[in-house]
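# Fold and geometry: a report
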Amino acid sequence: MRIHLVAAGQKMPAWVDEACGDFLKRLPPELKLNQILIPTVKRGKNPDIQRIIRDESRNLLAAVPAGAQIVALDVLGKRVTTEKLASMLDGWMQQGQDIALIIGGPDGVSDELLQQARQRISLSDLTFPHPLVRVIIVEQLYRAWSILSNHPYHRG
């Protein structure tokens, strides 16, 4: 089973790669996390935001590996606790099917993408910058695995 983190935005600050890399190294071999980065569409002076959302969403969908079930991170998605994410991860691992976690661009994702998502989850009612979202989701996946494995990392 693989988790594909499909995210809009290609050039991240070094701290993002360093933090994500730290948690990726900790994940066990049976839980592979693959990052797929898609360039954001350039925004000019008077951007057509709906077109940008549509184009970025289509690019994100095109990057989803064949057979992977889509889970979209969405501000209006279901709020999940760490324990609930661990339960979801357990279910995904039991099914053995690849999952594509999608992080949209700064303006969100299209309804077309959301309709193709098996699940829609929200990390928080707060708004986070996109680089931080990557770090949070990778850390939370590691934490969820630690809960399932009775690893001492999660002491919640």
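So, a few notes on the structure that sits alongside this text. From a predicted model like this one, the values you see are computed outputs, not experimental measurements.

## Concerning the nonpolar core
- If you look at the biggest cluster of nonpolar residues, it comprises 30 residues, and the most contacted ones within it are Ile3, Trp92, Leu101 and Ile137.
- Residue assignment for this core shows that the elements contributing at least two residues are strand E1 (2-8), helix H1 (14-26), strand E3 (69-79), helix H3 (82-95), strand E4 (99-103) and helix H5 (130-148).
- Top contributing element to this core by residue count: H5, with eight residues.
- Aside from chain neighbours lying at most four places away, what touches isoleucine 137 is Leu5, Leu73, Leu101, Ile103 and Leu123.

## Digging into the sheet that holds strand E5 (residues 119-122)
- Strand order across the open sheet formed by five strands is E2-E1-E4-E3-E5, with parallel pairing between neighbours. With partners counted over all chains shown, the strands left at the sheet margins are strand E2 (32-38) and E5, one partner each. Sheet twist, expressed as the mean angle between neighbouring strand axes with direction ignored, is 30°.
- Where E3 lies against E4, four bridges are found, and the strand directions are parallel. Residue pairing for E4: glutamine 69 is matched across the bridge by isoleucine 99.
- Along the sheet, H3 makes contact with E1, E3, E4 and E5, crossing E5 at roughly 155°.

## Quick word on the packing of H1 against H5
- One can describe the packing of H1 onto H5 by two numbers: an axis separation of 9 Å at closest approach and a directional angle of 10°. Classified by the angle their axes make, H1 and H5 are roughly parallel. Residues Trp15, Val16, Ala19, Cys20, Phe23, Leu24 and Arg26 of H1 pack against Pro131, Leu132, Arg134, Val135, Val138, Glu139 and Tyr142 of H5.
- When grouped by side-chain class, the residues that make up the contact of H1 with H5 number eleven nonpolar, no polar and three charged.

## Overview of the packing of aromatic side chains
- Inspection of the entire model under this criterion finds four aromatic pairs.
- Pairing phenylalanine 23 with tyrosine 142 gives two aromatic rings, centres 5.9 Å apart and planes at 45°, and the pair type is tilted. Separated by 119 residues along the polypeptide, phenylalanine 23 in helix H1 and tyrosine 142 in helix H5 bring together distant segments of the chain. Exposure class is identical for phenylalanine 23 and tyrosine 142. Each is buried.
- Ring geometry for phenylalanine 23 against tyrosine 153: centres 6.3 Å apart, planes inclined by 75°, an arrangement best described as edge-to-face.

Rules behind the numbers
- Residues numbered from 1 in each chain as written.
- Predicted model: local features only at pLDDT ≥ 70, side-chain atom pairs only at ≥ 80, totals over all residues.
- Heavy atoms only, no water.
- Core = buried A, V, L, I, M, F, W, Y, C linked by side-chain atoms within 4.5 Å.
- Buried < 20%, exposed > 50% of the residue type's maximum accessible area, 1.4 Å probe, protein only.
- Helix = DSSP H or I, 4+ residues; strand = E, 2+ residues; numbered from the N terminus.
- Contact = heavy atoms within 4.5 Å.
- Pairing = 2+ DSSP bridges.
- Axes fitted to C-alpha atoms, helices over the stretch in contact; angles between N-to-C directions.
- Parallel < 35°, antiparallel > 145°, perpendicular 65-115°, else oblique.
- Nonpolar A, V, L, I, M, F, W, Y, C, P; charged D, E, K, R; others polar.
- Phe/Tyr/Trp six-rings, centres within 6.5 Å; stacked < 30°, edge-to-face > 60°.

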